[in-house]
Amino acid sequence: EHGAGRAGSGFSIQEMLSELRALRASVIRLWTKKQPKLAESDLVDMARFNEAIDQAVAESVTQFSGNIGTAKDRFLAILGHDLRNPLGAIMMSAQFLLEEEELAEKPRALVTRIGVSARRMNQMVSDLLDYTRTTLGGDQIPVERQPMDVAKMVRDVVAEVGARYPGYVIDAETHGELHGEWDCDRLTQALTNLVGNAVQHGAKESPIAV
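Predicted, not measured: the structure shown is a model, and the values here were computed from it. (Residues numbered from 1 in each chain as written. Predicted model: local features only at pLDDT ≥ 70, side-chain atom pairs only at ≥ 80, totals over all residues. Heavy atoms only, no water.)

**Some details on a nonpolar patch on the surface**
The line we're drawing: Put simply, a patch holds well-exposed residues, over 30% relative accessible area, that have no salt bridge, with like charges counted together within 9 Å and Val, Leu, Ile, Met, Phe, Trp or Tyr side chains within 5 Å. For the accessible areas, the method is Shrake-Rupley and the probe is 1.4 Å, while residue cover comes only from the protein chains on display. Salt bridge, as applied in this entry: a Lys or Arg side-chain nitrogen positioned within 4 Å of an Asp or Glu carboxyl oxygen. Counting from the N terminus, the helices are the DSSP runs of H or I reaching at least four residues and the strands are the DSSP runs of E reaching at least two.
Side chains of Phe75, Leu79 and Leu83 sit close together on the surface and give an oily, nonpolar patch of about 270 Å² of accessible area. Relative to the helices and strands, Leu79 is located in helix 3 (residues 40–98).

Listed below in structure tokens is the structure:
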């Protein structure tokens, strides 16, 4: 109980295990010193003592691991919350620049891409907050089905990844009826990861076909 309780404080897992090992060794040394000739009942008691120490170790490790996981999820929640303000500033600035009539075509395309990427980052932050809510509160990550065009989603992903990796050739080709009801943000996230992996792990001279 002593070791398991201290595992929840600033006590490191290594220190806690060292303390329990020292406790085991000290008790057994004093026990054998006091009882040079151990009876069968003494061996039973010693076995029970070792089982109690082992149980304390297992409970302490479990509690320590749980505390580490909770601290990590809280950190992610705080990080996601704090990222929303700078992302909001980027999106507002991009929108402001797009409303300028004197903005040339090439800078306008770049600002448009900045706005799209900032909105994607904002969605990732929302996904991060959803994840922390599921781990801290037990809810499921929401999936929101809405009418969408998969072809447009594919083109947007290819344009975004292509803007990040201008030296690569990424070709997108779609066929058939691609309108339906799906979660556009989830599909975009999945496809972005796939195309990003193709860029990072593929040969630069080979075109990427989506």
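**Quick word on the layout of surface pockets**
How we decide: Method remark: on a 1 Å grid restricted to protein atoms, a set of points is classed as a cavity if a 1.4 Å probe fits but cannot get out and as a pocket if it is open with protein on both sides within 12 Å along at least five of seven lines; lining residues have an atom within 4 Å of a point. Grid points are joined across faces, edges and corners, and a volume is the space filled by probe spheres set on the points. Under the scheme applied here, ten amino acids are nonpolar (Ala, Val, Leu, Ile, Met, Phe, Trp, Tyr, Cys and Pro), four are charged (Asp, Glu, Lys and Arg), and all others, including Gly, are polar.
One number sums up the size of the largest pocket: a volume of about 310 Å³. Around the largest pocket, the lining comprises 14 residues; the ones closest to its centre are Val116, Arg120, Asp156, Cys184 and Thr188. Elements represented by at least two residues in the lining of the largest pocket include exactly helix 4 (105–137), helix 5 (150–164) and helix 6 (184–201). When the residues that make up the lining of the largest pocket are grouped by side-chain class, the tally is four nonpolar, two polar and eight charged. By volume, the second largest pocket is sized at about 230 Å³.

**Examining the pattern of salt bridges**
The cut-off we apply is this: Three exposure classes are used, based on accessible area relative to the maximum for each residue type with a 1.4 Å probe and protein chains only: buried under 20%, partly exposed in between, and exposed over 50%.
Under the counting rule described, the total for this entry stands at five salt bridges. Across the salt bridge formed by Glu160 and Arg120, the nearest N and O atoms sit 3.3 Å from each other. A residue pair is termed long-range when its members are at least 10 positions apart, and Glu160 in helix 5 and Arg120 in helix 4 qualify at 40 residues. Take Glu160: its relative accessible area is 9%, and that puts it in the buried class. Of the residues examined, Arg120 reaches a relative accessible area of 11% and is grouped as buried.

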